[in-house]
Amino acid sequence: HRRFDYRPKPDPYCQARYTFCPTGSAIPVMKDKDVIEVYRLQAPVWEFKYGDLLGHFKIMHDAVGFKSSLTGKNYTMEWYELFQLGNCTFPHLRPGMDAPFWCNQGAACFYEGIDDAHWKENGTLVLVTTISGSMFNEMAKWVKYDNETGIYYETWTVQASPDKPSVVWFDSYECSKFILRTYQKLADLGAVFKKIQTNYTSIILFSGEPVYLGNETSIFGPLGNKTLAAAIRDFYYPFKPHRTVREFFVDLLKIIDRVIVNRQFYLFYNLEYWFLPMKFPYLKIIYEEVPLPVGSKTS
């Protein structure tokens with residue numbers, strides 16, 4: 001996943017149904033001698049709207065919590081889409097614009113408090129390690145760097161097969177990956193994690209070797225490939241928001257025809273387009289263990 005020099009200002013066209021990080025605050029500077037508890041937080045995606053529904057499919061959202069022993073204050077830190085998941089996964093086809101238009105930024109959100117009920121009711125709130133205030137402050141510097149350079153959300157992991165091991169063509173870049181990077185940074189700073197099982201959700205597409213197609217300019221620009229441009233727009237069209245149930249099912253049949261019958265998928269990754277020759281089982285949601293890390297200082 002590519003890093004960028006800076007975060008571009010979001011286009012006003014991109015609108016969120018739910019405000020991103022509504023109570024967000026700056027990350028505080030902790031006293032070096034503080035002892036801070038670090039908590040693993042996990043709950044079903046969109047629990048605030050659908051309760052435990054997506055939890056039954058193991059589609060989970062991850063975050064990390066902190067508690068200062070000196071002040072007693074709690075904090076939550078997470079990483080998610082600026083404009084909701086649908087906008088990060090599929091583009092808008094705007095009138096008068098040849099290229100698909102993406103609203104796919106993701107970012108870190110830090111705020112005071114841990115909503116115990118939200119994380120405990122259908123998910124997880126468990127202590128994983130303790131760190132010093134100075135380690136927390138070093139982590140905060142890293143979060144700023146990570147947030148300014150890793151700016152685009154990516155829903156899909158793309159693999160060659162369900163077997164282990166399998167070639168990973170593209171890795172996702174979403175909430176759980178941020179938490180894993182945060183844990184690794186803390187481990188490298190000297191944090192020693194408890195030996196508990198930690199599982200995360202991945203949404204995987206299965207594909208043969210991807211074919212590079214080009215970027216927005218080379219495909220959709222004045223000297224672009226008009227046939228390929230039309231094929232990409234045509235592929236994304238059925239994924240648009242639907243106003244009626246009938247419209248949804250008509251487009252669902254088109255999606256099944258493209259992805260499963262014709263084994264085609266167009267992926268937008270690092271601002272470039274790739275063709276995926278899809279393979280059985282095409283798509284799978286997995287909830288698998290990724291162990292808590294051992295850092296360079298503690299290994």
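- An unreviewed UniProt entry lists the protein chain under the name Bis(monoacylglycero)phosphate synthase CLN5, with Mesitornis unicolor given as the organism.

### Here we look at the side chain of threonine 157
Then step 1. In this structure, threonine 157 sits in strand E6 (residues 156-159).
Then step 2. Relative accessible area serves as the criterion here: at 4%, threonine 157 is assigned to the buried category.
Then step 3. Beyond its immediate chain neighbours, meaning those up to four positions away, threonine 157 contacts Val168, Phe170, Asp171, Ser172, Ile203, Ile204 and Leu205.

### Re the layout of surface pockets
Then step 1. Size it by volume and the second largest pocket reaches roughly 340 Å³.
Then step 2. Forming the boundary of the second largest pocket are 18 residues, of which Phe101, Trp102, Cys103, Asn104 and Tyr152 lie nearest the centre.
Then step 3. Looking at the lining of the second largest pocket residue by residue, the class counts come to 13 nonpolar, 2 polar and 3 charged.
Then step 4. Mapping the lining of the second largest pocket onto the domain boundaries places at least three of its residues in each of domain 1 (35-156 + 170-204 + 282-289) and domain 2 (211-280).

### Some points on unusual backbone geometry
Negative phi characterises most residues that are not glycine, and trans characterises most peptide bonds.
Then step 1. Between lysine 164 and the following residue, proline 165, the backbone shows a cis peptide bond with an omega angle of -5°.
Then step 2. Examined against the element boundaries, proline 165 turns out to sit in the loop between E6 and strand E7 (168-170).
Then step 3. Cis geometry is found at the peptide bond from phenylalanine 280 to proline 281, where omega equals 5°.
Then step 4. Relative to the helices and strands, proline 281 resides in strand E11 (residues 272-289).
Then step 5. Located in the positive-phi region is arginine 263, a residue other than glycine, with phi close to 55°.
Then step 6. Topologically, arginine 263 is positioned in the loop between helix H8 (245-261) and strand E10 (264-269).
Then step 7. Relative accessible area serves as the criterion here: at 40%, arginine 263 is assigned to the partly exposed category.
Then step 8. The phi dihedral of asparagine 270 is positive, around 55°, even though this residue is not glycine.

### Re helix H7 (residues 226-236)
Then step 1. By the burial criterion, the buried members of H7 are Leu228, Ala229, Ile232, Phe235 and Tyr236. An end-on view of H7 places all buried positions within 130° of arc, on one side of the element. Summarising the geometry of H7, the exposed residues directed more than 90 degrees from the buried face are Lys226 and Thr227.
Then step 2. Elements in contact with the buried residues of H7: strand E9 (211-215), helix H6 (216-220), H8, E10 and E11.
Then step 3. The distance from a side-chain oxygen at the start of H7 to the backbone nitrogen of threonine 227 is 3.2 Å, and the residue carrying that oxygen is asparagine 225.

### Quick word on the domain arrangement of the protein chain
Then step 1. Assigned domains of the protein chain: these are domain 1 (35-156 + 170-204 + 282-289) and domain 2 (211-280).
Then step 2. Of note, the centres of domain 1 and domain 2, computed from C-alpha atoms alone, are 28 Å apart.
Then step 3. Taken residue by residue, the interface counts 14 residues in domain 1 and 21 residues in domain 2.
Then step 4. Between domain 1 and domain 2, roughly 1,800 Å² of surface is buried when both sides are summed, and carbon and sulfur atoms account for 75% of that area.
Then step 5. Among the residues domain 1 hides against domain 2, the three largest losses belong to Phe90, Phe170 and Tyr282. Together they make up 44% of the total.
Then step 6. Linking domain 1 with domain 2 are 0 salt bridges, by the criterion used here.
Then step 7. Put simply, domain 1 and domain 2 have 5 residue pairs in polar contact (both at pLDDT 80 or more) between them.
Then step 8. By residue class, the composition of the side of domain 1 that touches domain 2 is 10 nonpolar, 1 polar and 3 charged.

Cut-offs used in this document
Residues numbered from 1 in each chain as written. Predicted model: local features only at pLDDT ≥ 70, side-chain atom pairs only at ≥ 80, totals over all residues. Heavy atoms only, no water. Helix = DSSP H or I, 4+ residues; strand = E, 2+ residues; numbered from the N terminus. Buried < 20%, exposed > 50% of the residue type's maximum accessible area, 1.4 Å probe, protein only. Contact = heavy atoms within 4.5 Å. 1 Å grid on protein atoms, 1.4 Å probe; cavity = no way out; pocket = protein on both sides within 12 Å on 5 of 7 lines; lining within 4 Å. Points joined across faces, edges and corners; volume = space filled by probe spheres on them. Nonpolar A, V, L, I, M, F, W, Y, C, P; charged D, E, K, R; others polar. Domains from an automatic or database assignment. Arc of directions from axis to C-beta. Polar contact = N/O pair within 3.5 Å; in protein donor to acceptor, adjacent residues only side chain to side chain. Buried area = accessible area lost by both parts, 1.4 Å probe. Salt bridge = Lys/Arg side-chain N within 4 Å of Asp/Glu carboxyl O.

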